[in-house]
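If you want the building blocks of each chain, they are given just below.
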Amino acid sequence: MDIATATMLARYRAWGDKILFDSVAALPPGDVEKPHRTRFKTIIGTLNHNLLIDLVWQAHIEGRDHGFTARDLVIHPDLPTLWAAQRAAGQWWIDWCGTQTDRSLEEPVRFRFIDGGDGVMTRSAILLHVVIHGSYHRGYVAEMFYEDGCSKPCGEPKVRPTCRSR
């Protein structure tokens, strides 16, 4: 992977997060905490998981302990604080790409998974994982929109998701 591709991927992740958070913020009150039959239980839980994993991988790249003992912790229970933290994490990845070289992106990073296993991945593979992971769980949230009878999250800034009445 080269710097241009890495930067494009990091910007894509931030763009996708903005579209989703804008759509989630427009949901009816209480929908972000509504229970669902998914691994992370709620929209806010799933979005917290995405942020937590971003922070874990940032720590691995920086060679420091992340301090998390589980993947399903709710770090920020309210959407505005969570969105501010996710924006900061997304910007961290964009800024980090600006400090890399094509060569440094291929350097291996050794780490321990939250469950205790050892791993090694290149910096570029970590970035790709973070981007794909975020997309995957944005899909979880989109599915929760459908379960609640809401239109899909969209990129139109003034379009509020429509939800059938309960």
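Our subject is the structure that appears above.
Structural notes, computed from the coordinates. Nothing here was measured: the structure is a model prediction, and the numbers come from that model.

### Section: the overall build of the protein
- Assigned secondary structure in the protein consists of four helices and two strands.
- Listed by position from the N terminus, the elements making up the protein come as α-α-α-β-β-α.
- Dimensions of the protein, computed from the C-alpha atoms along their principal axes, are close to 55 × 35 × 20 Å.
- Classification of the 166 residues of the protein by burial places 48% in the buried group.

### With respect to the packing of helix α1 (residues 3-25) against helix α3 (residues 79-98)
- It is the contact of α1 with α3, at a shortest axis distance of 8 Å, that shows an interaxial angle of 170 degrees. Considered as vectors, α1 and α3 are oriented roughly antiparallel to each other. On the side of α1, the interface is formed by Ile3, Ala6, Thr7, Ala10, Arg11, Arg13, Ala14, Asp17, Lys18, Phe21, Val24 and Ala25, while α3 contributes Leu79, Leu82, Trp83, Gln86, Trp93, Ile94 and Cys97.
- Grouping the amino acids of the contact of α1 with α3 by side-chain chemistry returns 13 nonpolar, two polar and four charged.

### A closer look at α3
- Here α3 is 20 residues long and its end C-alpha atoms lie 29 Å apart, about the 28 Å a rise of 1.5 Å per residue gives.
- Taken together, the buried positions of α3 are occupied by Leu79, Leu82, Trp83, Ala85, Gln86, Ala89, Gly90, Trp93, Ile94, Trp96 and Cys97.
- Where α3 is buried, its residues touch α1, α2 (43-62) and α4 (123-147).

### A look at the pairing of strand β2 (residues 118-122)
- Across five bridges, the pairing between strand β1 (residues 108-112) and β2 is antiparallel. Counterpart to Val109 in the pairing with β2 is Met121.

### Notes on the packing of aromatic side chains
- Tallied over the entire structure, the rule returns eight aromatic pairs.
- Arranged with centres 4.9 Å apart and planes meeting at 85 degrees, the rings of Phe111 and Phe113 form a pair that is edge-to-face.
- Phe111 gets classed as buried once you look at its relative accessible area, which sits at 6%.
- A ring pair is formed by Tyr136 and Tyr140, whose centres lie 5.2 Å apart and whose planes are at 50 degrees; its orientation type is tilted.

### Things to note about the side chain of His66
- One can find His66 in the loop between α2 and α3.
- Relative accessible area serves as the criterion here: at 16%, His66 is assigned to the buried category.
- A polar contact of 3.0 Å, which involves the side chain of His66, links it to the backbone nitrogen of Phe68.
- Other than its neighbours up to four places away in sequence, His66 contacts Leu55, Val56, Ala59, His60, Arg112 and Ile114.

### A few points about a nonpolar patch on the surface
- Together, Met1, Leu128 and Ile132 make up a nonpolar patch on the protein surface, roughly 240 Å² of accessible area in all.
- If you trace the backbone, Ile132 turns up in helix α4.
- Judged by relative accessible area, Ile132 falls into the exposed class, the value being 52%.

### Some details on the packing of α1 against α2
- Direction vectors running N to C along α1 and α2 enclose 160 degrees, while the axes themselves pass 12 Å from each other. Relative to α2, the element α1 lies roughly antiparallel. The crossing of α1 and α2 is left-handed. Side by side, α1 and α2 meet where Arg13, Leu20, Phe21 and Val24 of the first sit next to Ile43, Leu47, Asn50 and Asp54 of the second.

What counts and how
- Each residue is numbered by its place in its chain's sequence as written, counting from 1.
- Residues qualify for local features only when their pLDDT is at least 70, as the model is predicted, and side-chain atom pairs are given and counted only at 80 or more; totals for whole chains, interfaces and linings, by contrast, use all residues.
- As a rule here, side-chain values come from all non-hydrogen atoms in the structure, and water together with hydrogens is ignored.
- A run of DSSP states H or I qualifies as a helix once it reaches four residues; a run of E qualifies as a strand once it reaches two. Both are numbered from the N-terminal end.
- When a residue's accessible area, from a 1.4 Å probe over protein chains only, is under 20% of the maximum for its type it is buried; when over 50% it is exposed; and in between it is partly exposed.
- For helices, the fitted axis covers only the stretch in contact; all axes are lines through C-alpha atoms, and the angles between them, taken along N-to-C directions, range from 0 to 180 degrees.
- When describing relative orientation, an angle under 35 degrees is termed roughly parallel and one over 145 degrees roughly antiparallel, while 65 to 115 degrees is termed roughly perpendicular and anything else oblique.
- Here a residue-residue contact requires only that any non-hydrogen atoms of the pair lie within 4.5 Å.
- Three classes are used: nonpolar for Ala, Val, Leu, Ile, Met, Phe, Trp, Tyr, Cys and Pro, charged for Asp, Glu, Lys and Arg, and polar for all others, with Gly counted as polar.
- In this scheme, a helix's expected span is set at 1.5 Å multiplied by one less than its residue total.
- In this description, strands pair whenever DSSP reports at least two bridges between them.
- Here is the rule: rings of Phe, Tyr and Trp (six-membered ring for Trp) pair when centre to centre is within 6.5 Å. Planes less than 30 degrees apart are stacked, more than 60 are edge-to-face, and the remainder are tilted.
- Distance and chemistry together define a polar contact, namely a pair of N or O atoms within 3.5 Å, with one atom able to donate a hydrogen and the other to accept it when in protein, and with adjacent residues in sequence counting only for side-chain atoms on both sides.
- Surface patches are defined over residues having more than 30% relative accessible area and no salt bridge, joining like charges when they lie within 9 Å and nonpolar side chains (Val, Leu, Ile, Met, Phe, Trp, Tyr) when within 5 Å.
- The Shrake-Rupley method, run with a 1.4 Å probe sphere, supplies the accessible areas, and residue values consider only the shown protein chains as cover.
- For this document, the term salt bridge refers to a Lys or Arg side-chain nitrogen within 4 Å of an Asp or Glu carboxyl oxygen.
- Note on convention: near helix rotated counterclockwise from far helix by under a right angle means a left-handed crossing. Clockwise means right-handed.

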